[in-house]
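If you want the building blocks of each chain, they are given just below.
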Amino acid sequence: VVLDNLEAVSVLDLEDRRRIARLSTPGRSYQAPTLSPDATRVAAAWVNVDCWAGNCTDFGLGLFDAQDLRAAGPSFEGFGSPIAGIAFAPQGDRLAAVAPLPWNDGTGNVVIWRVDRPEEPIVRIDMGEVGVNPLVTPERTVQGWLRFSPGGQRLLVSGAGPTVVFDATTGRTL
């Protein structure tokens, strides 16, 4: 799974580098495509291309079939921010997302959903230390990174500052 220079998602055959499927929608920029642990689904965030400057309310996160990149369920709801990074829990049962850091105020900028319940996050985390953007002007390459620990009990989150470890069940800082 790759994000190309046109901000479309492609699935490639690793043996011959042939494109198997492509996810591209006019007016949308896809971000942070992430393959599920069982390699059956791809989670990808999107934002309206007109939203690069100013307030944006046209964004989302969806699951797609890893073979043909067709929608594989409803969009994930209840975050309220564009998404910079996505991570599946190792078991594939949860999906976490982080807002673009440091362009976020530090409240509710990390969420975790159950994959089978996309209508509302089960955990909301305040990543208070969002860091400082070192660029003179913002660019489209957003800063936000997160990964579950191998057992799925912890969530590591970083942006343009320190990496913080959270309990993935309670959202408490460890």
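Report on the accompanying structure. Values in this document were obtained by computation on a predicted structure and should not be read as measured data.

**Topic: the packing of aromatic side chains**
- Here the structure, examined in full by the defined rule, presents two aromatic pairs.
- Ring plane angle 85° and centroid distance 6.3 Å describe the contact between F79 and W113, whose orientation is recorded as edge-to-face. Remark: W113 occurs in strand β9 (residues 110–114) and F79 occurs in the loop between β6 (59–65) and β7 (85–88); sequence separation between them is 34 residues.
- With a relative accessible area of 11%, F79 lands in the buried category.
- Using a relative accessible area of 0% as the deciding quantity, one classes W113 as buried.
- Put simply, the rings of F76, F79 and W113 pair up and form one aromatic cluster.
- The side chain of R28 reaches across the aromatic face of W46, ending 3.4 Å from its centre.

**Brief notes about the sheet that holds strand β4 (residues 28–35)**
- Reading across from one edge, β4-β5-β6 is the order of the three strands in this open sheet, with antiparallel pairing throughout. Both edges of this open sheet fall to β4 and β6, since each of them pairs with a single strand only. Across the sheet, the axes of successive neighbouring strands diverge by a mean angle of 25°, strand direction being ignored.
- Two elements, β4 and strand β5 (residues 41–48), share six bridges in a ladder whose sense is antiparallel. In the strand pairing of β5, T34 is matched with A43.

**A look at the pairing of strand β13 (residues 164–167)**
- Bridge count between strand β12 (residues 154–158) and β13: four bridges; the pairing is antiparallel. Across the sheet, the residue bridging to R154 is D167, located in β13.
- The hairpin turn running from β12 into β13, its antiparallel successor, is five residues long.

**Examining the side chain of S29**
- With respect to the helices, strands and loops of the structure, S29 is situated in strand β4.
- Among the residues examined, S29 registers a relative accessible area of 0% and is labelled buried.
- There is a polar contact of 2.6 Å between the side chain of S29 and the side chain of E7.
- Looking at S29, its side chain comes within polar contact range of the side chain of Q31, at 2.9 Å.

**Notes on the pattern of salt bridges**
- Considering all chains together, one arrives at six salt bridges under this definition.
- Here R70 and D68 are joined by a salt bridge, their closest N and O atoms 3.5 Å apart.
- Relative accessible area serves as the criterion here: at 60%, R70 is assigned to the exposed category.
- Where D93 meets R94, a salt bridge forms, and the shortest distance between an N and an O atom there is 3.6 Å.

**Side note on the environment of T170**
- Residue placement: T170 occurs in the segment after β13.
- Sequence-wise, T170 and R124 are 46 residues apart; in three dimensions their C-alpha atoms are separated by 8.6 Å.
- A distance of 3.1 Å separates a polar atom in the side chain of T170 from the backbone nitrogen of R172.

What counts, and where the lines are drawn
Residues numbered from 1 in each chain as written. Predicted model: local features only at pLDDT ≥ 70, side-chain atom pairs only at ≥ 80, totals over all residues. Heavy atoms only, no water. Phe/Tyr/Trp six-rings, centres within 6.5 Å; stacked < 30°, edge-to-face > 60°. Helix = DSSP H or I, 4+ residues; strand = E, 2+ residues; numbered from the N terminus. Buried < 20%, exposed > 50% of the residue type's maximum accessible area, 1.4 Å probe, protein only. Lys NZ or Arg CZ within 6 Å of the ring centre and 35° of its normal. Pairing = 2+ DSSP bridges. Axes fitted to C-alpha atoms, helices over the stretch in contact; angles between N-to-C directions. Polar contact = N/O pair within 3.5 Å; in protein donor to acceptor, adjacent residues only side chain to side chain. Salt bridge = Lys/Arg side-chain N within 4 Å of Asp/Glu carboxyl O.

So far we have only geometry, and geometry alone does not tell us how the molecule works.
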